[in-house]
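One-letter residues, chain by chain:
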Amino acid sequence: ILNIDETPWNEFKRKLKMQVAAGNPSTVFIMDSGFVATMGAAGILVDLNDKVENDINVEEYSSTLFAGLDKKGRLWGVPHGINSVALFYNKTLFDETGISYPAVDWTFEDMFEAAAKLTKKDSKGVTQQYGLTFGGNITVGWLPFVLAAGGAPLDETRTKSMFKDPKTIEGIRKYIQPIEEGFAPDSKWLAANGNYTAAFYMSKAAMLISQASGTGTVNKNAPEGFSYDVQMLPIGWDGNRHIVYVPNQWSIYDKAPQAEKDAAWEWIKYFINEESQMLVADTMLAGFPIKKSALSHIDQKKPLRGSGIDFIKYLTLSTQRFARKC
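Each value, and the rule that gives it
- Residues numbered from 1 in each chain as written.
- Predicted model: local features only at pLDDT ≥ 70, side-chain atom pairs only at ≥ 80, totals over all residues.
- Heavy atoms only, no water.
- Core = buried A, V, L, I, M, F, W, Y, C linked by side-chain atoms within 4.5 Å.
- Buried < 20%, exposed > 50% of the residue type's maximum accessible area, 1.4 Å probe, protein only.
- Helix = DSSP H or I, 4+ residues; strand = E, 2+ residues; numbered from the N terminus.
- Contact = heavy atoms within 4.5 Å.
- Pairing = 2+ DSSP bridges.
- Axes fitted to C-alpha atoms, helices over the stretch in contact; angles between N-to-C directions.
- Phe/Tyr/Trp six-rings, centres within 6.5 Å; stacked < 30°, edge-to-face > 60°.
- Parallel < 35°, antiparallel > 145°, perpendicular 65-115°, else oblique.
- Left-handed = near helix turned anticlockwise from the far one by under 90°.
- Polar contact = N/O pair within 3.5 Å; in protein donor to acceptor, adjacent residues only side chain to side chain.
- Patch = residues over 30% accessible without salt bridge, like charges linked within 9 Å, V, L, I, M, F, W, Y side chains within 5 Å.
- Areas by Shrake-Rupley, 256 points an atom, 1.4 Å probe, with all protein chains shown as cover.
- Salt bridge = Lys/Arg side-chain N within 4 Å of Asp/Glu carboxyl O.
- pLDDT = per-residue confidence, 0-100.

Asker: Hey, could you run me through the nonpolar core in this one?
Answerer: For soluble globular proteins, the rule of thumb is that nonpolar side chains tend to be buried together. Formed by 30 residues in total, the largest nonpolar core has its most connected members in Met 111, Leu 132, Met 207 and Ile 209. Of all the secondary-structure elements, those providing two or more residues to this core are β3 (83-90), α4 (91-97), α5 (108-118), α6 (138-148) and β6 (207-211). It is α6 that provides the largest number of residues to this core, a total of seven residues. Apart from the residues lying within four places of it in its own chain, the contact partners of Leu 132 are Leu 87, Met 111, Phe 112, Ala 115, Phe 183, Ala 184, Pro 185, Met 207, Leu 208 and Ile 209.

Asker: Looking at this model, I keep getting lost on the sheet that holds strand β1 (residues 28-31). Mind explaining?
Answerer: Strands belonging to one sheet form pairs held by backbone hydrogen bonds; the direction of such a pair is parallel or antiparallel. With antiparallel pairing, three strands are arranged side by side in an open sheet as β1-β9-β2. For this open sheet the edge positions go to β1 and β2 (78-79), each flanked by a neighbour on one side alone. Summarising the sheet, β2 and strand β9 (residues 249-252) pair through two bridges and their orientation is antiparallel. Paired with Pro 79 across the two strands is Gln 249, which belongs to β9. Lying over the sheet, helix α2 (residues 33-41) contacts β1 and β9, oriented at roughly 130° with respect to β1.

Asker: Hey, could you run me through the packing of aromatic side chains in this one?
Answerer: Two aromatic rings, taken as a pair, are described by how far apart their centres are and by the angle between their planes. Under the defined criterion, the tally for this structure stands at 22 aromatic pairs. Seen in terms of ring centroids, Tyr 130 and Trp 189 are 5.0 Å apart; in terms of plane orientation they differ by 75°. Their pairing is edge-to-face. Of this pair, Tyr 130 sits in the loop between β5 (127-129) and α6 while Trp 189 sits in helix α8 (residues 187-192); the two residues are 59 residues apart in sequence, bridging distant segments of the chain. Assessed through its relative accessible area of 16%, Trp 189 is described here as buried. When the ring of Phe 134 is compared with that of Tyr 175, the centres are 5.4 Å apart and the planes differ by 45°; the resulting orientation is tilted. Placement of the pair is Phe 134 in the loop between β5 and α6 and Tyr 175 in helix α7 (residues 166-180), with a sequence separation of 41 residues. Assessed through its relative accessible area of 12%, Tyr 175 is described here as buried.

Asker: Hey, could you run me through the environment of Leu 93 in this one?
Answerer: As for its position among the elements, Leu 93 is in helix α4. On a C-alpha basis, the gap between Leu 93 and Thr 283 in space is 27 Å, while along the polypeptide they are 190 residues apart.

Asker: Mind showing me how you'd approach the packing of α6 against α7 here?
Answerer: Helix-helix packing is described using two parameters, namely the angle between the two axes and the distance between the axes. Two elements in contact, α6 and α7, have axes whose closest approach is 7 Å; the angle formed by their N-to-C orientations is 130°. With respect to α7, the element α6 is oriented oblique. Of the two possible hands of crossing, α6 and α7 adopt the one that is right-handed. Across from Gly 141, Trp 142, Phe 145 and Val 146 in α6, the residues of α7 making contact are Thr 168, Gly 171, Ile 172, Lys 174 and Tyr 175.

Asker: Would you take a moment to explain α6 for this structure?
Answerer: Quick reminder: α-helices carry 3.6 residues per turn. Residues three or four places apart thus point the same way. When you tally the buried positions in α6, you get ten out of eleven residues, the bulk of the element. Of all the residues in α6, the buried ones are Thr 139, Val 140, Gly 141, Trp 142, Leu 143, Pro 144, Phe 145, Val 146, Leu 147 and Ala 148. Residues of α6 that are buried make contact with β3, α5, α7, α9 (196-201), β6 and β8 (245-246). The N-terminus of α6 is capped by Asn 137, whose side-chain oxygen sits 3.4 Å from the backbone nitrogen of Val 140. Residue Gly 150 follows α6 closely and has a positive phi angle near 90°.

Asker: I'm lost on unusual backbone geometry in this one. Help?
Answerer: The bulk of non-glycine residues show a negative phi, and the bulk of peptide bonds are trans. Unusually for a residue other than glycine, Ser 203 sits at a positive phi of about 60°. Here Ser 203 lies in the loop between α9 and β6. For Ser 203, a relative accessible area of 28% translates into the label partly exposed.

Asker: Hey, could you run me through the environment of Met 111 in this one?
Answerer: By secondary structure assignment, the location of Met 111 is in helix α5. Along the backbone, Met 111 and Leu 208 are 97 residues apart, and their C-alpha atoms lie at a distance of 11 Å.

Asker: I would appreciate a short explanation of a nonpolar patch on the surface in the present structure.
Answerer: Taken together, the side chains of Val 104, Met 232 and Ile 243 define a hydrophobic patch exposed on the protein surface, amounting to about 240 Å² of accessible area. Classification of Met 232 as partly exposed rests on a relative accessible area of 37%.

Asker: Before we go on, may I ask you to explain the confidence of the model for the protein chain in this structure?
Answerer: Detailed reading of predicted coordinates is not advised where the pLDDT is low. Per-residue confidence for the protein chain gives a mean pLDDT of 89; residues scoring 70 or more make up 91%. Within the model, pLDDT remains below 50 along residues 303-309, and this stretch shows 20 contacts once partners closer than five positions in the same chain are excluded.

Written out as structure tokens, the structure is:
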């Protein structure tokens, strides 16, 4: 019997912490890579290295299969999708302003310059269209700017904070610069206008820093005729291009009965098999698939990104398919 415990994402981590403390979390669950690493180091999760080595043909997958590795080589989770971050841009607004589309050799300064030109105000000086918008969180918020400035939140050992490092501080300054200079909205404006993704698909912002899964949201909600494309994040001030991605991972609770842990591994294997990975490719709700054949599928056939399937429906559909196979 498969019991699913559904929880909204913004409440899930708090609930999972409480369940772990009480010793009764789900045997298998999905969580972001940072929290997975913390739980693994605390002895809460199964090291999946041996299971992957024995049961998975790693040559069929991209290297992101091992995104859950820690510094000691322990594998605390396996992602079924890689949610990479890129720059979305409204082609119509660029055409109207006469600015060339973001190019592969764009720098962050190029992005800032274009965003300033794409910002429009009415006769009273009230901004009606911003050139750029982004999140207030880590992934699509401050981290891309910090990395682009040559900084980092942690040192290479991941044990020491780097927020006092001058490069990291400069990255935070670059993060707030678009808001201070008026070509990106602040949090109050975003709260009044939906959110940063809504600002983009409603043409209130010409560019958006977003995860790959944002394509589904844009296509589902954008008005008819909305025209946009995506480019890699620009080259940073340090001369390098830093691509941020989120590998939300399936992990197994180490203190569960062995029979449940074995069944949980069968669940994870299903989520990275051909059928499930093609579903990831077609919906893009978890970002890009990790299986190479599904990645090729995206190249060859336009994914069903506007399908309107939310993550719970996707998970339920996958669960039903998994149950039929058991």
